[in-house]
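# Overview (structure and organization)
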Amino acid sequence: SGELFLLGGLSVLLLAFAALRYHQLEAFLFDETFAATRGLAVRTYHCLTVAAASLAVVAIIRVVGLILVIALFTIPPYIAERHARSLAGIMGLSVVLGAAFSVAGLWFSYRFDLTAGPAIIAVACAAQAADLLIFRSRHKRPSGGRSLWR
């Protein structure tokens with residue numbers, strides 16, 4: 001139960017940081033030069049962003065392990081980017097997707113006696129594959145399915 005409190009505390013800390021500094025983070029993440037011209041302490045936000053990412057890595061390593069961290073950090077935002085219209089939307093949908101993948105993966109892990117980390121990532125990969133198939137079927141190329149570059 002100590003690990004759950006650690007994960008919960010880190011999650012609350014990271015969410016509070018993102019919520020309280022959303023506009024500054026958005027400016028910094030999209031264009032550091034613009035943020036600097038607006039008077040934002042770019043170096044401080046760089047350090048805060050690195051610290052937040054480090055805390056997130058520490059939290060997620062406990063769940064899926066070191067190797068699978070990259071997949072759980074990239075798949076939810078990749079899917080969310082296709083469906084959200086703003087940075088806040090991408091962040092929110094990524095959190096929801098990451099939580100859904102984790103719960104579904106843990107269920108599969110429990111139900112079929114699998115290792116939890118790989119089961120979570122398998123669910124995330126299946127969701128990404130489904131999203132890619134749906135996206136491609138909705139956005140067919142006008143040139144009969146052929147790439148314009150061939």
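Residues numbered from 1 in each chain as written. Predicted model: local features only at pLDDT ≥ 70, side-chain atom pairs only at ≥ 80, totals over all residues. Heavy atoms only, no water.

Once that is clear, we can look at the overall build of the protein chain. Within the protein chain, the secondary structure is distributed over seven helices and zero strands. Ordering the α and β elements of the protein chain from the N terminus gives α-α-α-α-α-α-α. For the protein chain, the spread of C-alpha atoms along the three principal axes comes to 50 × 50 × 20 Å. Going through the 150 residues of the protein chain one by one, you find that 28% of them count as buried. Sequence separation of 24 or more characterises 47% of the internal contacts of the protein chain that already satisfy a separation of 6 or more. For the protein chain, the computed accessible surface area is about 10500 Å², with 66% contributed by carbon and sulfur atoms. (Helix = DSSP H or I, 4+ residues; strand = E, 2+ residues; numbered from the N terminus. Buried < 20%, exposed > 50% of the residue type's maximum accessible area, 1.4 Å probe, protein only. Contact = heavy atoms within 4.5 Å. Areas by Shrake-Rupley, 256 points an atom, 1.4 Å probe, with all protein chains shown as cover.)

This paragraph deals with the layout of surface pockets. Estimated volume of the largest pocket: approximately 1400 Å³. If you go around the largest pocket, you meet 34 residues; those closest to its centre are L14, L15, A56, F73 and V95. Elements with a contribution of two residues or more to the lining of the largest pocket: α1 (2-20), α2 (22-30), α4 (42-64), α5 (69-83) and α6 (87-112). For the lining of the largest pocket, the leading source of residues is α6, giving 11 residues. Class assignment of the residues belonging to the lining of the largest pocket gives a composition of 27 nonpolar, six polar and one charged. (1 Å grid on protein atoms, 1.4 Å probe; cavity = no way out; pocket = protein on both sides within 12 Å on 5 of 7 lines; lining within 4 Å. Points joined across faces, edges and corners; volume = space filled by probe spheres on them. Nonpolar A, V, L, I, M, F, W, Y, C, P; charged D, E, K, R; others polar.)

Turning our attention to the pattern of salt bridges. Per the stated rule, a full pass over the model turns up one salt bridge. The salt bridge involving R82 is made with D131; its shortest N-O contact spans 3.4 Å. Here R82, found in helix α5, pairs with D131, found in helix α7 (residues 116-138); they are 49 residues apart in sequence, far enough to count as distant. The exposure class assigned to D131 is buried, which follows from its relative accessible area of 9%. (Salt bridge = Lys/Arg side-chain N within 4 Å of Asp/Glu carboxyl O.)

Moving on, we come to the packing of aromatic side chains. With the rule as written, the count across this model stands at three aromatic pairs. With 6.3 Å between their ring centres and 90° between their planes, W107 and F112 make a pair best called edge-to-face. By relative accessible area, which is 47% here, F112 ends up partly exposed. The interplanar angle of 20° and the centroid separation of 5.9 Å between the aromatic rings of F108 and F112 together place this pair among those described as stacked. Pair noted here: F108 and F112 are both in helix α6, with a separation of four residues, about one helical turn. Given a relative accessible area of 35%, F108 falls into the partly exposed group. Within the aromatic cluster, the residues linked to one another by ring pairs are W107, F108 and F112. Above the plane of the ring of F112 lies R111, whose end atom (NZ or CZ) is 5.3 Å from the centre. (Phe/Tyr/Trp six-rings, centres within 6.5 Å; stacked < 30°, edge-to-face > 60°. Lys NZ or Arg CZ within 6 Å of the ring centre and 35° of its normal.)

So, about the nonpolar core. In this structure, V64, L72, I75, F101 and I121 are the most contacted members of the largest nonpolar core, which totals 15 residues. Of all the elements in the fold, those that place two or more residues in this core are α4, α5, α6 and α7. When residues of this core are assigned to their parent elements, the largest contribution, six residues, is made by α5. Residues contacting V64, with those up to four places away along its chain left out, are V69, L72, G117 and I120. Counting eight residues, the second-largest nonpolar core is a separate cluster that includes F17, L25, V42 and Y45. (Core = buried A, V, L, I, M, F, W, Y, C linked by side-chain atoms within 4.5 Å.)

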